[in-house]
Amino acid sequence: MNRLFSKSLLGLAGVSFLLCSSQLAMALVPNNVAIILNSGSTNTIGYRIYVSPSGEVNYVDGKGSNQGKLSQKLTKNFFRDLKIAEPLSNLPKQSCVKSVSFGTTTTIRLADQQSPDISCPGNVKAQSLDNDVIAIAKALNVVNVPKSQGKPLPPRNF
């Protein structure tokens, strides 16, 4: 019985540590870093791209994680469009028809703001952001990898 209690206590301590670690990781993403989140679909793996105002990026997709640097022009356009669209949560939500097997959603987080799905843009501001995200993903060669050909993304810590 003592052994069971010890294992339970150890397990509880481990869970507490993980919760605290994820809280710490949330705090490690600076407020000026934009996070592009693509959900993936039934058949594909999504991606996450962390973009700093300097153009430095870290990203993870079904092929793994990597880092890179965006052009100054692309970075400037993206952050200008983010500023114009603020607050991101006020962008209109738009419904659009998507494939059940391959339809994805793409959102952007910046500080405490999160956009609705910009891949179904509800106005010109959301369309500009969607165009920026497409250009960023293309510049980094980030794609939705088929689940049969990639690895699942590590859990989000935010």
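As the structure is a computational prediction, the values presented were derived from the model and not from experiment.

*Asks:* Would you take a moment to explain helix α2 (residues 72-85) for this structure?
*Replies:* Note that an α-helix has 3.6 residues per turn; residues three or four places apart therefore point the same way. Between its first and last C-alpha atoms α2 spans 20 Å; for 14 residues at 1.5 Å apiece the expected length is 20 Å, and the two agree. Those residues of α2 that sit buried are Leu 74, Thr 75, Phe 78, Phe 79, Asp 81, Leu 82 and Ala 85. The arc enclosing the buried residues of α2, seen along the axis, measures out at 155°, which places them on a common side. Counted as exposed and oriented over 90 degrees from the buried face of α2: Gln 72, Lys 73, Lys 76 and Lys 83. Looking at the buried side of α2, the elements it contacts are β1 (34-40), β2 (44-51), β5 (106-110) and α3 (124-140).

*Asks:* Would you explain the packing of aromatic side chains in this entry?
*Replies:* If you walk through the whole model with that rule in mind, you get one aromatic pair. Measuring from centroid to centroid gives 5.4 Å for Phe 78 and Phe 79, while their planes differ by 70°, and the two rings are edge-to-face. Of the two residues, Phe 78 and Phe 79, both sit in the buried class.

*Asks:* Before we go on, may I ask you to explain the pattern of salt bridges in this structure?
*Replies:* Opposite charge on two side chains allows them to pair when their charged atoms are near. Taken as a whole, this structure holds five salt bridges when the rule is applied. One salt bridge connects Lys 63 with Asp 61, and the closest N-O pair in it is separated by 3.9 Å. Salt-bridge contacts for Asp 81 lead to Arg 80; the nearest nitrogen and oxygen are separated by 3.0 Å. A relative accessible area of 43% means that Arg 80 is categorised as partly exposed.

*Asks:* Before we go on, may I ask you to explain the confidence of the model for the chain in this structure?
*Replies:* For residues with low pLDDT, the predicted coordinates do not support detailed interpretation. Looking at the chain as a whole, the pLDDT averages 83, with 82% of positions reaching at least 70. Within the chain, the lowest mean pLDDT, 40, falls on helix α1 (residues 2-27), and the highest, 98, falls on α2.

*Asks:* Where do I start with the state of the cysteines in this structure?
*Replies:* What the rule picks out here adds up to one disulfide. Here Cys 96 is linked by a disulfide to Cys 120, with a sulfur-sulfur distance of 1.6 Å. Of this pair, Cys 96 sits in the loop between α2 and β5 while Cys 120 sits in the loop between β6 (113-114) and α3, and the two are 24 residues apart along the sequence. By relative accessible area, which is 37% here, Cys 96 ends up partly exposed.

*Asks:* Mind showing me how you'd approach the nonpolar core here?
*Replies:* Nonpolar side chains in soluble globular proteins tend to end up buried together. Among the nonpolar cores identified, the biggest contains 25 residues, and Ile 36, Ile 49, Phe 78, Leu 82, Ile 108 and Leu 129 are the most heavily contacted of them. Listed by contribution, the elements that provide at least two residues to this core are β1, β2, β3 (56-61), α2, β5 and α3. With six residues, the top contributor of residues to this core is α3. If we skip the residues at most four places from it in the chain, Leu 129 touches Phe 78, Asp 81, Leu 82, Ala 85, Leu 88, Leu 91, Ile 108 and Ile 118.

The rules behind these values
Residues numbered from 1 in each chain as written. Predicted model: local features only at pLDDT ≥ 70, side-chain atom pairs only at ≥ 80, totals over all residues. Heavy atoms only, no water. Helix = DSSP H or I, 4+ residues; strand = E, 2+ residues; numbered from the N terminus. Expected span 1.5 Å × (residues − 1). Buried < 20%, exposed > 50% of the residue type's maximum accessible area, 1.4 Å probe, protein only. Arc of directions from axis to C-beta. Contact = heavy atoms within 4.5 Å. Phe/Tyr/Trp six-rings, centres within 6.5 Å; stacked < 30°, edge-to-face > 60°. Salt bridge = Lys/Arg side-chain N within 4 Å of Asp/Glu carboxyl O. pLDDT = per-residue confidence, 0-100. Disulfide = S-S within 2.5 Å. Core = buried A, V, L, I, M, F, W, Y, C linked by side-chain atoms within 4.5 Å.

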